[in-house]
Amino acid sequence: QVQLVESGGGLVQAGGSLRLSCAASGTIRYINTMGWYRQAPGNQRELVASITSGGSTNYADSVKGRFTVSRDNAKNTVTLQMNSLKPEDSAVYYCNANAAIRSIWNLDDYWGQGTQVTVSP
């Protein structure tokens, strides 16, 4: 009942930038935390960055200083600005929302389909 659609992935050379966007839609009552996770082949899915409804952010150590997460609460969107990209950043990036739907007050996690980010050397 909460749909997340990512966009902005693609191929970029090392040192370049990409901006990922995620739009949440559906029977949303409230979105607590939104964030980005990534998963490379053979690796676990890991948190990249998250942001609370109040604007508090959390970043993986590997991306601190390079990535910036932001959100627009009115539009239910979250954005990940990725600068100084490295080949090790290559992964499928998934949008996540910890949200409550209209019919159920409790918060649950919802996931987007993922968008591919490939950083060439």
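Residues numbered from 1 in each chain as written. Predicted model: local features only at pLDDT ≥ 70, side-chain atom pairs only at ≥ 80, totals over all residues. Heavy atoms only, no water.

1. Looking at the pairing of strand β10 (residues 108–111)
For clarity, the cut-off: Paired strands are those between which DSSP finds at least two bridges. Starting at the N terminus, helices and strands are each numbered in turn, a helix being any DSSP run of H or I of at least four residues and a strand any DSSP run of E of at least two.
Pairing of strand β9 (residues 91–101) with β10 involves 4 bridges; the strand directions are antiparallel. Looking across to β10, one finds that A99 is bridged to D108. What sits between the antiparallel neighbours β9 and β10 is a turn of 6 residues.

2. Re the pairing of strand β8 (residues 77–82)
What counts here: Under the scheme applied here, a residue whose accessible area is under 20% of the maximum for its type counts as buried, over 50% as exposed, and between as partly exposed, the area being computed with a 1.4 Å probe on protein chains only.
Within β8, 5 of the 6 residues are buried, which leaves the element mostly enclosed by the surrounding structure. Strand direction decides the pairing type here: strand β3 (residues 18–26) and β8, joined by 6 bridges, are antiparallel. Its bridge partner lying in β8, R19 is registered against Q81. With 6 bridges joining them, strand β7 (residues 67–72) and β8 adopt antiparallel strand pairing. Bridged to T68 within β8 is Q81. Linking β7 to β8, which pair antiparallel, is a turn of 4 residues; within it N76 sits at a positive phi near 55 degrees.

3. Let's talk about the state of the cysteines
Threshold: Working definition: a disulfide is two cysteine sulfur atoms within 2.5 Å of each other.
All chains considered together, the criterion is met by 1 disulfide. Residue C22 pairs covalently with C95 via a disulfide, S to S 2.1 Å. Its S-S torsion of approximately -85 degrees makes the covalent link between C22 and C95 left-handed. One end of the pair, C22, is in strand β3; the other, C95, is in strand β9, and 73 residues separate them in sequence. Residue class for C22 comes out buried when judged on its relative accessible area of 1%.

4. Overview of the pattern of salt bridges
Cut-off, in case you're wondering: Any Lys or Arg side-chain nitrogen located within 4 Å of an Asp or Glu carboxyl oxygen qualifies as a salt bridge.
Enumeration according to the criterion identifies 4 salt bridges in this entry. The partner of E46 in a salt bridge is R38, with the nearest N and O atoms 2.8 Å apart.

5. A few points about the nonpolar core
This is how it is decided: Grouping buried Ala, Val, Leu, Ile, Met, Phe, Trp, Tyr and Cys residues that are joined through side-chain atoms within 4.5 Å yields what is termed a nonpolar core. Contact between two residues is taken to exist if any of their heavy atoms lie within 4.5 Å; hydrogens are not considered.
The biggest cluster of nonpolar side chains holds 32 residues, and the ones touching the most others in it are W36, L80, M82 and Y93. When residues of this core are traced back to their parent elements, those giving at least two are β1 (2–7), β3, β4 (28–39), β5 (46–52), β7, β8, β9 and β11 (115–120). Beyond its immediate chain neighbours, meaning those up to four positions away, M82 contacts G16, S17, L18, L20, R66, F67, Y93 and V117.

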